[in-house]
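The primary structure of each chain is shown beneath.
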Amino acid sequence: MSTTEKQRAAQLPQKMEPRNDGMALDLDWVASVQANTSAIERRAKTLPARRSVKKDHQAAWLLRAITCIDLTTLAGDDTAGRVARLCAKARQPVRQDILDSLGMGPITTGAVCVYHDMIAPARAALEGANIPIAAVSTGFPAGLSPFHLRVREIEESVKAGADEIDIVISRRHVLTQDWQALYDEMRSFRAACGEAHVKAILATGELGSLRNVARASLVCMMAGADFIKTSTGKESVNATLPVSLVMIRAIREYQERTGVRVGYKPAGGISKAKDAITYLALMKEELGERWLAPDLFRFGASSLLGDIERQLEHHVTGAYSASYRHAAG
Amino acid sequence: MTVKEIFESMDYGPAPESAAEAFAWITDNGAAFGQFIDGGFTPARENFLSRNPANGETLAELSQATQGEVDEAVAAARKAQPKWEKLGGHGRAKLLYAIARLVQKHSRLFAVLETLDNGKPIRESRDIDIPLVQRHFYYHAGMAQLMEAELPDAEALGVCGQIIPWNFPLLMLAWKVAPALAMGNTVVLKPAEYTSLTALLFADICRQAGLPRGVVNIVTGDGAVGEMIVRHAGIDKIAFTGSTAVGRQIRRATAGSGKALTLELGGKSPYIVFDDADIDSAVEGLVDAIWFNQGEVCCAGSRLLVQEGVAETFYARLKARMAKLRVGAPLDKSIDIGAIVDQSQLDAIKTMVEGNDEGNLYAAPVELPAEGCFYPPTLITGLSPASKLMQEEIFGPVLVATTFRTPAEAVQLANNTRYGLAASVWSENLNLALDIAPKLAAGVVWVNGTNMFDAAAGFGGVRESGFGREGGWEGLGAYTRPKGKAKALKKAEPNAGEGGLEAGAFDHTAKLFVGGKQARPDGGYSQPVYGKNGKLVSQAPLANRKDVRNAVEAARGASGWGRTTGHQRAQILYYIAENLASRAEEFAARIDAMKGGRTAGAREVDAAIRRLFTYAAWADKFDGQAHGVPIRGVALAMREPVGVIGALCDDAHPLLGLISVMGPAMAMGNRSVLVASEPYPLEALEFARVLETSDVPAGVVNILTGKHDALAPTLAAHMDVDAVWSFSSSDISGVIEEASAGNLKRTWVNNGQARDWPGPEGEGRAFLDQATEVKNIWVPYGE
């Protein structure tokens, strides 16, 4: 590891927590997992009404949400210039005068998230910024390229300087209940990541049931996932509160049994400041305050930041804001 | 705290709902209220205070209604009633719709006022209570609209006295007022003394809606005012929601008055978690079960039963969840548990919990406000079924728990209670959940859920949780009666006579029929029965209280009858009819000998055979319903047998009277103890021999003969009898209602009114309704 790499790694928030080394696949445990959809939906529906955060507290929570955003661009037309602009936004996500009014020091987003070919431009743009780079990998978003190439893609991305790898699982292993295959796949991906942290994207919108989501979450954690993540953002249904509830309850149970904290990343569909607060409240209620930090919680989002910026300006000025008043990402 | 500090701590901070509009409404009304009678408020007196339990502040001064004011309210309701009923279904529907709309338009004012007065979290009053209130008025606007078409034989009862509790002040008002008004009744309603304000705001809404004067009258005050309503001669029906102790007093006070009565009382509802349940969801469900409305919920899942294998995990997760509950200012939007309604209730909770020295108590380590009536969420594990806290309602945020091993044991423990209001069953196994739900003694069962309510699904209990249903089609019976003028029933006297058996005649031994066997009366007494011609026919046994005991025991033992299929029961009823038909002439001749004439006997036997066919027909056709409740799922309104029914049969029709009550009871799966016609007892005992040859399982039907006024009190007081019916010409309706208060069994008495037994009034849905309990089983689904 080079000096800069070491430096960056030392400042990664993940370093606060021992990594999840995983465990042997425990099929009895997997089989015992249940998820009652209607009860989960009821909890998810009432949660936003149970917790409300107002005024200064709301502003503070929104600032915290920003620090948990994986600021993302995953488009076919991404260029080095586009990624540089995104990285600039990641360094300075909120206008300085707003931060000053709120009495806040500098903050950054949790990470930037790009495709493999954009790692190098991102590294250049983030030089000295202590913002980790996450790369989506393993034939993202479908994950159906040859297995050895998917593993190789991870290795390439790590070599290119990605700090975090967002892998996609083979949905077919879940749909056919082939937990051993899912476990083995995840194990291989984790091994290929080396020091880089691995987020397992379950593509929950394609798993058919919340029970499958719960079981897949558990198997990925047993296989050593540092984070579990809902979706690629490319499925028709992405992060939802019921799915989130199932996944974070799986994280909680995994911690209860192993003592290891695994992170959670809802991705796709979270675009409003109010949603961000609901998610933070969900994490605080179901998992605890430890999960309100970027080493254990991330939003996979691209337009969320803009709404938060407008809300913050409204908080400071009392007047509703407009998007053109905030720097583009 | 600075933003930076909050950024580090990530506290919630305060999120108060403004009470300004609610205070303005109180102030605009002079912060003092009189009674709402005949469309206007009487001058306010300052008799008692309405307080905010969260901080002790006075909200308003309220007046204790006087007897004179209650009289005025009843008179106003009486005067308004005929016109209100004649307004017709559509006319009433329009006004109920207007009320629903107005409640909706002022929903936040109602919610804030409710929270100020009661102490419940604003989230609950805003998201649960008030929307359900609207829903009840919309739903019953529809019932008013449909009444003439769908209930053509029903009419309003008249003036309804309604007494409601403090735990869901406006919601309980809606549950009572909406169906009463829909069916053409007028009401005199008394809110609980702690929580009168939303009822008074509702009075205001009634005026705004243009409701005719006198249709809704609201009187305020404590139990003394309630008693004035209960004892008022000008009231036709009492509907009460509250404690079992007060319900029992009301049952006694109204006994023999001819007032209709429905009671929705206390509970100690089981919350059963099987080892294959979604444990996290079941834990979360408890938050909605026992930490909903501070646990001040009659149907709260307050008795946790967990399968042994998962109990430790379950308790651990439950405790972790409890520690996350936020107790505090009810107007704060981030509060889960608000204030206990009053200091006296808080003291009662404390006394009960402190009086317990069993098990392990866990009080969640949550912050409580320094002032106001607050109590922490509490769990007590390891209690035995005998523990006081396992048996008695705490009515606070206190959950008691124990474990079970098998599904059968879960049912046994769940039903080991004097109450029977609601139950929850958590399992991912549909077979298991749908097997358990019908076995629970409860009026409502939630599968994988809890505390779900809707106007379309009836709510109410069995056992000492009361009787009657509120909501759904099944709730309308509480506010209607069959059309038609009742005639007084004359006491039927036995034939006079003297002398012994005619020379050469065989002595004929008539015995009681108990447990499928002919039984001599315990007391060893018989009485002579004379024919119309004054000659001795035979001796009839005189049953006593021990015979009642034996008969009830036999009936209780025949519980398998309730699990037979309707098809099986139909076959047996048809077979009884067949066997009776083959002896028709003999039965007819005996009836004629008792009653005189030559044709009445044959007509009665024919009517009895037809009636048996009627109930054989109904046995597999009195269907339940799948209610359209607003969830993804169904509420199945299942018709279940009441259990053991004691009935004092019509005196004038010795065979038809008996069969007319035996038929519906049997058809619906009940066991019965029938006390035969007092003046003509022999026909029933002869009929027992028909039963003996008709494959009727032992104990399903038991027949006693003797004095109705002697047997009725024993039957009505028997704790193992679930309902008592009386069609006797003896004056025993009051005695039965009075004695039934012991276990609050259902009663159906004639109040000295005659019934046309051979006619359509002698059979049909009225009997089937009385022979069944509606259990609503909520089954949410979705994968």
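Caption draft 1: Expanded view of the overall build of chain A. Regarding its fold elements, chain A presents 14 helices and eight strands. Radius of gyration (C-alpha) of chain A: 19 Å, near the 20 Å computed for a compact globule of 329 residues. Its C-alpha atoms give chain A principal-axis dimensions of about 55 × 45 × 35 Å. Counting across all 329 residues of chain A, residues that qualify as buried make up 60%. Counting only contacts in chain A whose residues sit at least 6 apart along the sequence, the fraction spanning at least 24 positions is 77%. Taken as a whole, chain A presents about 11,900 Å² of accessible surface, with 52% of it coming from carbon and sulfur. For chain A, the separation between the mean place of its 42 positive charges and that of its 37 negative charges on side chains is 4 Å.

Caption draft 2: Representation of the interface of chain A and chain B. Taken together, the contact between chain A and chain B spans 43 residues of the former and 42 residues of the latter. Summed over the three residues of chain A that lose the most area to chain B, namely Arg50, Arg51 and His57 of chain A, the buried surface amounts to 18% of that side. At the junction of chain A and chain B, the tally comes to 10 salt bridges. Our enumeration of links across chain A and chain B arrives at 24 residue pairs in polar contact (both at pLDDT 80 or more). Listing elements by their share of the side of chain A that touches chain B, those giving two or more residues are helix 3 (37-50), helix 4 (55-67), helix 12 (241-258) and helix 13 (273-286) of chain A. With 10 residues, the single largest contributor to the side of chain A that touches chain B is helix 3 of chain A. For the side of chain A that touches chain B, the residue count by class is 14 nonpolar, 12 polar and 17 charged.

Caption draft 3: Region of interest: the layout of surface pockets. Residue and element names in this part refer to chain B. The calculated volume of the second largest pocket comes to roughly 1,400 Å³. In this structure, the second largest pocket is lined by 49 residues; those nearest its centre are Pro438, Glu640, Pro641, Val642 and Gly643. Those elements that place two or more of their residues in the lining of the second largest pocket are helix 16 (430-436), strand 19 (466-467), strand 26 (633-641) and strand 32 (772-780). By residue number, the principal contributor to the lining of the second largest pocket is strand 26, which donates six residues.

Caption draft 4: Up close: the side chain of serine 465 of chain B. Residues and elements named next belong to chain B. For serine 465, the location among the structural elements is in the loop between strand 18 (444-447) and strand 19. Taking the relative accessible area as the measure of exposure, serine 465 reaches 0% and is therefore buried. In this structure the side chain of serine 465 is engaged in a polar contact, spanning 2.7 Å, whose partner is the backbone oxygen of glycine 266. One polar contact links the side chain of serine 465 to the main-chain amide nitrogen of leucine 421, over a distance of 3.3 Å. Apart from the residues within four sequence positions on either side, serine 465 is in contact with Leu263, Glu264, Leu265, Gly266, Gly267, Tyr419, Gly420 and Leu421.

Caption draft 5: Here's a closer look at the confidence of the model for chain B. Taken residue by residue, chain B gives an average pLDDT of 97. The fraction at 70 or more is 100%. Here the predicted complex carries an ipTM of 0.95, next to a pTM of 0.96.

Caption draft 6: The arrangement of empty space enclosed by the protein in detail. Residue and element names in this part refer to chain A. Scanning the model with the defined rule gives eight cavities of 30 Å³ or more in all. Taken as a whole, the largest cavity spans an internal volume of roughly 70 Å³. In this structure, the largest cavity is lined by 10 residues; those nearest its centre are Glu17, His197, Asp226, Arg261 and Asp295. Grouping the constituent residues of the lining of the largest cavity by class yields two nonpolar, three polar and five charged.

Caption draft 7: Just the sheet that holds strand 8 (residues 299-301) of chain A, in detail. Residues and elements named next belong to chain A. The parallel open sheet is built from eight strands, whose spatial order is 7-6-5-4-3-2-1-8. Where the open sheet ends on each side, the last strands, each with one partner, are strand 7 (263-265) and strand 8. Averaged over all adjacent pairs, the angle separating strand axes in this sheet is 25 degrees, with direction ignored. Relative to strand 5 (residues 197-201), strand 4 (residues 164-168) runs parallel, the two sharing five bridges. Within strand 5, the position partnered with isoleucine 165 by the bridge is valine 198.

Caption draft 8: Spatial organisation of the pairing of strand 1 (residues 69-72) of chain A. Residue and element names in this part refer to chain A. Alternating residues of strand 1 divide into Ile69 and Leu71 and Asp70 and Thr72, and every residue in both groups is buried. The pairing of strand 1 with strand 8 spans three bridges and is parallel. Bridge pairing links aspartate 70 to glycine 300 in strand 8. Taken together, the three bridges between strand 1 and strand 2 (residues 111-114) define a ladder with parallel strand orientation.

Caption draft 9: Up close: the pattern of salt bridges. Within this structure, the stated rule accounts for 72 salt bridges over all chains. Put simply, arginine 248 of chain B and glutamate 464 of chain B hold a salt bridge, and the shortest N to O gap is 2.7 Å. Here the residue arginine 248 of chain B occupies a position in helix 10 (residues 244-254), and glutamate 464 of chain B occupies one in the loop between strand 18 and strand 19, the gap between them amounting to 216 residues. For the pair arginine 248 of chain B and glutamate 464 of chain B, a shared accessibility class is recorded, and that class is buried. Between aspartate 769 of chain B and arginine 639 of chain B there is a salt bridge, with the nearest N and O atoms lying 3.0 Å from each other. With a gap of 130 residues between them, aspartate 769 of chain B in helix 25 (residues 765-770) and arginine 639 of chain B in strand 26 connect regions that are remote in the sequence. Taking the relative accessible area as the measure of exposure, aspartate 769 of chain B reaches 35% and is therefore partly exposed. A network of salt bridges, in which partner residues are shared, links Arg43, Arg249, Arg252, Glu253, Glu256, Arg257 and Glu286 of chain A together with Asp280, Glu284, Arg317 and Arg321 of chain B.

Caption draft 10: Inspection of the nonpolar core at higher detail. Within the largest apolar cluster, 125 residues are counted, with the highest numbers of intra-cluster contacts made by Phe137, Phe202, Leu304 and Phe314 of chain B. If one sorts the elements of this core by residue count, helix 7 (residues 169-182) of chain B sits on top with 11 residues. Sequence-distant contacts of leucine 304 of chain B, defined by excluding residues within four places in its chain, comprise Tyr271, Val273, Leu286, Phe314, Tyr315, Leu318, Leu399, Val400, Ala401 and Thr402 of chain B. The next biggest cluster of nonpolar side chains, apart from the first, holds 108 residues, and it includes Ile66, Ala125, Val174 and Leu202 of chain A.

Caption draft 11: Representation of the packing of helix 4 of chain A against helix 13 of chain A. Residue and element names in this part refer to chain A. Interhelical geometry of helix 4 versus helix 13 gives an angle of 85 degrees and a closest axis separation of 10 Å. On the basis of their axis angle, the class for helix 4 and helix 13 is roughly perpendicular. On the side of helix 4, the interface is formed by Gln58, Trp61, Leu62 and Ala65, while helix 13 contributes Ala273, Ala276, Ile277, Leu280, Ala281 and Lys284. Tallied by class, the residues present in the contact of helix 4 with helix 13 amount to eight nonpolar, one polar and one charged.

Caption draft 12: Region of interest: helix 21 (residues 656-667) of chain B. Residue and element names in this part refer to chain B. Compared with an ideal rise of 1.5 Å per residue, which puts 12 residues at 16 Å, helix 21 spans 16 Å between its outermost C-alpha atoms and is within 8% of the ideal. With 12 of its 12 residues buried, helix 21 lies for the most part within the structure. Residues of helix 21 that are buried include every one of Leu656, Gly657, Leu658, Ile659, Ser660, Val661, Met662, Gly663, Pro664, Ala665, Met666 and Ala667, and no others.

Caption draft 13: Local environment of unusual backbone geometry. Backbone torsion omega between phenylalanine 140 of chain A and proline 141 of chain A reads 0 degrees, so that peptide bond is classified as cis. The backbone phi angle of alanine 203 of chain A is positive, close to 55 degrees, even though this residue is not glycine. Residue position: alanine 203 of chain A is located in the loop between strand 5 and helix 11 (210-222). In this structure, aspartate 695 of chain B takes a positive phi of about 65 degrees despite not being glycine. Within the secondary structure layout, aspartate 695 of chain B lies in the loop between helix 22 (682-692) and strand 29 (701-704).

Caption draft 14: Highlighting the side chain of glutamate 284 of chain B. Tracing the backbone through its elements, the reader meets glutamate 284 of chain B in helix 11 (residues 279-289). Among the residues examined, glutamate 284 of chain B registers a relative accessible area of 6% and is labelled buried. Within the structure, glutamate 284 of chain B has its side chain in polar contact with the side chain of arginine 43 of chain A (distance 3.4 Å). Not counting chain neighbours up to four residues away, the residues in contact with glutamate 284 of chain B comprise Arg43, Arg249 and Glu286 of chain A together with Arg321 of chain B.

Thresholds applied
- Residues numbered from 1 in each chain as written.
- Chains lettered and ligands numbered in written order.
- Predicted model: local features only at pLDDT ≥ 70, side-chain atom pairs only at ≥ 80, totals over all residues.
- Heavy atoms only, no water.
- Helix = DSSP H or I, 4+ residues; strand = E, 2+ residues; numbered from the N terminus.
- Rg over C-alpha atoms; globule rule 2.2 N^0.38 Å.
- Buried < 20%, exposed > 50% of the residue type's maximum accessible area, 1.4 Å probe, protein only.
- Contact = heavy atoms within 4.5 Å.
- Areas by Shrake-Rupley, 256 points an atom, 1.4 Å probe, with all protein chains shown as cover.
- Lys, Arg positive; Asp, Glu negative; His and termini not counted.
- Charge placed at Lys NZ, Arg CZ, Asp CG, Glu CD.
- Buried area = accessible area lost by both parts, 1.4 Å probe.
- Salt bridge = Lys/Arg side-chain N within 4 Å of Asp/Glu carboxyl O.
- Polar contact = N/O pair within 3.5 Å; in protein donor to acceptor, adjacent residues only side chain to side chain.
- Nonpolar A, V, L, I, M, F, W, Y, C, P; charged D, E, K, R; others polar.
- 1 Å grid on protein atoms, 1.4 Å probe; cavity = no way out; pocket = protein on both sides within 12 Å on 5 of 7 lines; lining within 4 Å.
- Points joined across faces, edges and corners; volume = space filled by probe spheres on them.
- pLDDT = per-residue confidence, 0-100.
- Pairing = 2+ DSSP bridges.
- Axes fitted to C-alpha atoms, helices over the stretch in contact; angles between N-to-C directions.
- Core = buried A, V, L, I, M, F, W, Y, C linked by side-chain atoms within 4.5 Å.
- Parallel < 35°, antiparallel > 145°, perpendicular 65-115°, else oblique.
- Expected span 1.5 Å × (residues − 1).

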